[in-house]
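# Structural characterization, general
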Amino acid sequence: MAFQNSIIWLYFSSPKNFYPLAGKLIPVFAVLAVVLTVIGLYIGFFVAPTDYQQGDSYRIIFIHVPAAWMSMFIYIVMAMYAFVGLVWNIKMSEMMASAMAPTGAMFAFIALWTGALWGKPTWGAYWVWDARLTSELILLFLYIGFMSLESAIDDPRRAARASALIAVVGVVNVPIIYFSVKWWNTLHQGASVSPTMAPKMAAAMLNSMMIMVFAFWMYSIAVVLMRARNIILEREKQTTWVQELVTNKK
Amino acid sequence: MSDISEFFAMGGYAFYVWGSYGVTAVFMLIEVILVIRNKRTILQRLARMVRMNTQVDK
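The paragraphs below set out a description of the structure included in this document. Every value quoted in this text rests on a predicted model; they were computed, and no experiment measured them.

## Description of the overall build of chain B
Of regular secondary structure, chain B possesses two helices and zero strands. Taking 10 Å as the expected radius of gyration for a compact globule of 58 residues, we find that chain B reaches 23 Å, considerably beyond that expectation. With the C-alpha coordinates aligned to their principal axes, the bounding extent of chain B is approximately 70 × 20 × 10 Å. The proportion of buried residues among the 58 residues of chain B is 17%.

See below:
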């Protein structure tokens, strides 16, 4: 069984086999993303009550937390793909890492943006140099560094190897973001949800937030697979299967 | 009618709430549109490349 599994992974580590598989999976994840977003926002705006302290401004949490989690999660997965590409020289792994970076960067930006718009009414400031905010900003810069280094080197294999180093080294920043609210005295509130404690919010609020986490997750998978397909076409353009695919499309 | 305007007022936090949701929605939509458009351009460029190569071969 383990042997069979490893055969399947080897099979889909070939861009030629990955391309059609991704094409079949994209609509599934896209539909899931849309359905979950509709349900999550419905609960978030029409079922979840107004907060007694923060009023309706707290409703930003339904996108702020999912975006922040995705920005960290995508970074870890991206670094793992980059590492596998670096060590075992697997091309598909490199391509997955570069397909993930723009989406991760976008979620890091959204986390900062929605955080700023939530910070103003609750703390009185759009931005403070607090450990949580600063380390999330560094995450955004790591994504940007990864992407710019990759695009600065012409040879795709060398570009992937150089940018993989940034990705792998930068992983240390993710636990710093996560634990920053514990390690330092920050303005940012502590974790609202954690594996060891009962959640500190109303059930409808928590449900909406978790559904939005899954919605953003499904969205990320769909859009990353779409981008991975583009990267495959670009990097495999000399192969017969891509040239046949391109001519048959016309 | 007042229900709707009350909803959009977000208890006085309209700017912050809709500013967050609006920018998030725009970014996520633009990302998808860019990836789809990018695919179309790549396919067109590669098809042109293949056509040129086959002409050279002949």
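Next, the rest of the story.
## Describing helix α2 (residues 15–47) of chain A
Residue and element names in this part refer to chain A. Under the 1.5 Å per step criterion, the end-to-end length of α2 is 45 Å for 33 residues, consistent within 8% with the ideal 48 Å. The largest bend along α2 measures about 30° and falls at leucine 25, with the proline proline 27 one to four residues further on. When α2 is considered as a whole, its buried residues turn out to be Pro15, Tyr19, Ala22, Phe29, Ala33, Leu36, Thr37, Gly40, Ile43 and Gly44. Contacts from the buried residues of α2 go to α3 (61–88), α4 (91–123) and α8 (203–235).

## A closer look at the interface of chain A and chain B
The interface is formed by 32 residues belonging to chain A together with 24 residues belonging to chain B. Here the side of chain A that touches chain B gets nine residues from one element, more than from any other, and that element is α4 of chain A. In terms of residue class, the side of chain A that touches chain B is built from 15 nonpolar, eight polar and nine charged.

## What about the environment of leucine 86 of chain A?
All names here are of chain A. Note that leucine 86 resides in helix α3. Since 20 C-beta atoms lie within 10 Å of it, leucine 86 is described here as buried. Between the C-alpha atoms of leucine 86 and alanine 164, which are 78 residues apart in sequence, the distance is 6.6 Å.

## Side note on the packing of α3 of chain A against helix α7 (residues 173–183) of chain A
The geometry of a pair of packed helices is captured by two quantities: the angle between their axes and the separation between those axes. All names here are of chain A. It is at 10 Å that the axes of α3 and α7 come closest, and there the two elements cross at 155°. In terms of axis orientation, α3 runs roughly antiparallel to α7. Seen along the crossing, α3 lies across α7 with a hand that is left-handed. For the pair α3 and α7, the contacting residues are Met72, Tyr75 and Ile76 in the first and Val174, Ile177 and Tyr178 in the second.

## Details of the nonpolar core
Residues and elements named next belong to chain A. By size, the foremost hydrophobic cluster in this structure holds 79 residues, and its most contacted members are Met78, Ala222 and Ala228. Broken down by element, the residue count for this core peaks at 19 residues, all from α8. The contacts of methionine 78, once residues within four sequence positions are left out, are Ala97, Met100, Ala101, Gly104 and Ala167.

## What to know about unusual backbone geometry
Of note in this structure, asparagine 89 of chain A is not a glycine but carries a positive phi near 60°. Examined against the element boundaries, asparagine 89 of chain A turns out to sit in the loop between α3 and α4. With a phi close to 50°, methionine 10 of chain B is a non-glycine residue in the positive phi region. Mapping methionine 10 of chain B onto the fold places it in the loop between α1 (2–9) and α2 (14–57). When the 20 C-beta atoms within 10 Å are taken as the criterion, methionine 10 of chain B is described as buried.

## Quick notes on the environment of tryptophan 123 of chain A
Looking at the element boundaries, tryptophan 123 of chain A is found in helix α4. Filtering out sequence-adjacent residues up to four positions away, tryptophan 123 of chain A remains in contact with Val128 and Leu187 of chain A.

## Points about the environment of alanine 79 of chain A
Residue and element names in this part refer to chain A. Structurally, alanine 79 is set in helix α3. Its 22 C-beta neighbours within 10 Å are what place alanine 79 among the buried residues. When the C-alpha positions of alanine 79 and methionine 100 are compared, they lie 9.7 Å apart, and in sequence the two are 21 residues distant. Every residue in contact with alanine 79, bar those within four places of it in the chain, is listed here: Ala167, Val168, Gly170 and Val171.

Rules used in this analysis
Residues numbered from 1 in each chain as written. Chains lettered and ligands numbered in written order. Predicted model: local features only at pLDDT ≥ 70, side-chain atom pairs only at ≥ 80, totals over all residues. Helix = DSSP H or I, 4+ residues; strand = E, 2+ residues; numbered from the N terminus. Rg over C-alpha atoms; globule rule 2.2 N^0.38 Å. Buried ≥ 20, exposed ≤ 12 C-beta atoms within 10 Å, placed from the backbone. Expected span 1.5 Å × (residues − 1). Bend = angle between axes of the 7 residues up to and from the residue. Contact = placed C-beta atoms within 7 Å. Nonpolar A, V, L, I, M, F, W, Y, C, P; charged D, E, K, R; others polar. Axes fitted to C-alpha atoms, helices over the stretch in contact; angles between N-to-C directions. Parallel < 35°, antiparallel > 145°, perpendicular 65-115°, else oblique. Left-handed = near helix turned anticlockwise from the far one by under 90°. Core = buried A, V, L, I, M, F, W, Y, C linked by C-beta atoms within 7 Å.

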